[in-house]
Amino acid sequence: MKNKSLVSINDFTKENHLRIIELAAEFEKKPVQDLLSGKVIATLFFEPSTRTRLSFESAVNKLGGRIIGFTDASSSSVSKGESLKDTIKTVMNYSDLIIMRHPIEGSARYASEVSNVPIINAGDGANQHPTQTLLDLYSIYKTQGTLDGLSIFLVGDLKYGRTVHSLLMAMSQFNTTFHFVSPVELKIPDEYKIHLDSLGLKYFEHTDFTANIHEADIVYMTRVQRERFSDPIEYEKVKNTYVLRNYMLSETKPGMKILHPLPRVNEINDDVDENTKAYYFTQALNGVFTRQAIITSILGIK
Ligand code: CP
């Protein structure tokens, strides 16, 4: 993985996933180490973020590296019309690694093609969010003790949800049974079902959330993303379709965990937060260790 960009989870093998999980576990035991001394990491966020940017920055700070970048493209020369290509070709002169979130699908791949330092995709439109997936895998592994043979419920916006798309691709390497729970307007795109068919994996589509929830090892909730809808009326129609409440968890497996990439709006009621099955804030913490593993792997630091 040394000096390679992380653009798509599809570029990762099963062995790559397991190696990152192993390294993340090591960083969880010892998160403060002087491994990035002298390294400059750029974070270019053309879209808002709390967890991804701050956990990356926390990861770098704990390892002794320095951060430069912007959190709002309007404060950069992009606002004067500078292209993505020119932005990347400039920032690569100032940094050893660029972490970028951008609203356009394929922008991270493009940036990796014009950059001579590695690019980490921190989310490109509705396409992919590979580092979220790696922290999701770490969270699933930590809570279930395995990635193999699990039953995963993906709930909410399965059409535009980049975290869902990346997680599905990664978990399809581990003999997973998928349950897709969404309103018809936000169904999982056919290309993902074709992929699962090609692997002979089982999947089920539901509109009723709770019917089979007792089978779940992981319930992965997602937000219906207002920013992905061109028609606000369409968003209003589906935004409150699924709300997970504490009483709905009574028949679920004892070891089942609820994950959510966050931010949530109202799809998980606050009364779930105290349930031991709620794992989403620990999942966000796992992002620091996983991103330490990703950065050091890409920079070839042992
Ligand atoms: N999970 C995630 O990407 O959160 P942010 O949008 O806050 O970075």
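Above: the structure in question.
On a predicted model such as this, the values are computed, not experimentally measured, just so you know. (Residues numbered from 1 in each chain as written. Predicted model: local features only at pLDDT ≥ 70, side-chain atom pairs only at ≥ 80, totals over all residues. Heavy atoms only, no water.)

Caption draft 1: Molecular detail of the packing of aromatic side chains. All chains considered together, the criterion is met by five aromatic pairs. Arranged with centres 5.8 Å apart and planes meeting at 75°, the rings of Phe209 and Tyr242 form a pair that is edge-to-face. On the criterion of sequence distance, the pair formed by Phe209 in the loop between β7 (203–206) and β8 (218–221) and Tyr242 in the loop between α8 (232–238) and β9 (257–259) is long-range, its members being 33 residues apart. An identical accessibility class is assigned to Phe209 and Tyr242; each is buried. On the basis of an interplanar angle of 65° and a centroid distance of 5.3 Å, the ring pair of Tyr280 and Phe281 is categorised as edge-to-face. Among the aromatic residues, those joined into a ring-pair cluster are Phe178, Phe180 and Tyr203. Over the ring of Phe56 we find Arg291; its NZ or CZ atom is 4.9 Å from the centre of that ring. (Phe/Tyr/Trp six-rings, centres within 6.5 Å; stacked < 30°, edge-to-face > 60°. Helix = DSSP H or I, 4+ residues; strand = E, 2+ residues; numbered from the N terminus. Buried < 20%, exposed > 50% of the residue type's maximum accessible area, 1.4 Å probe, protein only. Lys NZ or Arg CZ within 6 Å of the ring centre and 35° of its normal.)

Caption draft 2: The nonpolar core, seen in detail. Counting 52 residues, the largest nonpolar core has Ile140, Leu154, Met171 and Ile295 as the members making the most contacts within it. Discounting residues that sit within four places of it in the chain, Met171 has contacts with Leu137, Ile140, Leu147, Leu150, Ile152, Thr176 and Phe178. Membership of the second largest hydrophobic core comes to 19 residues, among which are Val155, Ile258, Leu262 and Val272. (Core = buried A, V, L, I, M, F, W, Y, C linked by side-chain atoms within 4.5 Å. Contact = heavy atoms within 4.5 Å.)

Caption draft 3: Structural detail: unusual backbone geometry. Looking along the chain, the bond that leaves Leu262 and enters Pro263 is cis, with omega of 5°. Residue placement: Pro263 occurs in the loop between β9 and α9 (280–298). Although it is not a glycine, Asn175 sits at a positive phi angle of roughly 55°. Not every positive phi belongs to a glycine, and Leu262 is a case in point at roughly 60°. Inspection of the secondary structure assignment puts Leu262 in the loop between β9 and α9. Look at Leu262 and you get buried, because its relative accessible area is 11%.

Caption draft 4: Structural detail: the packing of helix α5 (residues 130–144) against α9. Interhelical geometry of α5 versus α9 gives an angle of 115° and a closest axis separation of 8 Å. The angle between the axes of α5 and α9 places the two elements in the roughly perpendicular class. The interaxial crossing formed by α5 with α9 has right-handed handedness. Touching Thr131, Gln132, Leu134, Leu135, Asp136, Tyr138, Ser139 and Lys142 of α5 are Gln283, Asn286, Gly287, Phe289, Thr290, Arg291 and Ile294, all from α9. Residues of the contact of α5 with α9, tallied by class, amount to five nonpolar, seven polar and three charged. (Axes fitted to C-alpha atoms, helices over the stretch in contact; angles between N-to-C directions. Parallel < 35°, antiparallel > 145°, perpendicular 65-115°, else oblique. Left-handed = near helix turned anticlockwise from the far one by under 90°. Nonpolar A, V, L, I, M, F, W, Y, C, P; charged D, E, K, R; others polar.)

Caption draft 5: Focus on helix α6 (residues 162–171). In terms of burial, α6 is a largely internal element, ten of the ten residues being buried. Within α6, burial applies to Arg162, Thr163, Val164, His165, Ser166, Leu167, Leu168, Met169, Ala170 and Met171.

Caption draft 6: Geometry of the site of the ligand. In the neighbourhood of the ligand, the contacting residues comprise Ser49, Thr50, Arg51, Thr52, Arg101, His129, Gln132, Pro261 and Leu262. With respect to the ligand, the side chain of Arg101 contributes an N or O atom lying 2.9 Å from an oxygen atom. With respect to the ligand, the side chain of His129 contributes an N or O atom lying 2.9 Å from an oxygen atom. When the free accessible area of the ligand is taken as 260 Å², the share hidden by the protein chains comes to 91%. (Near = heavy atom within 4 Å. Polar contact = N/O pair within 3.5 Å; in protein donor to acceptor, adjacent residues only side chain to side chain. Areas by Shrake-Rupley, 256 points an atom, 1.4 Å probe, with all protein chains shown as cover.)

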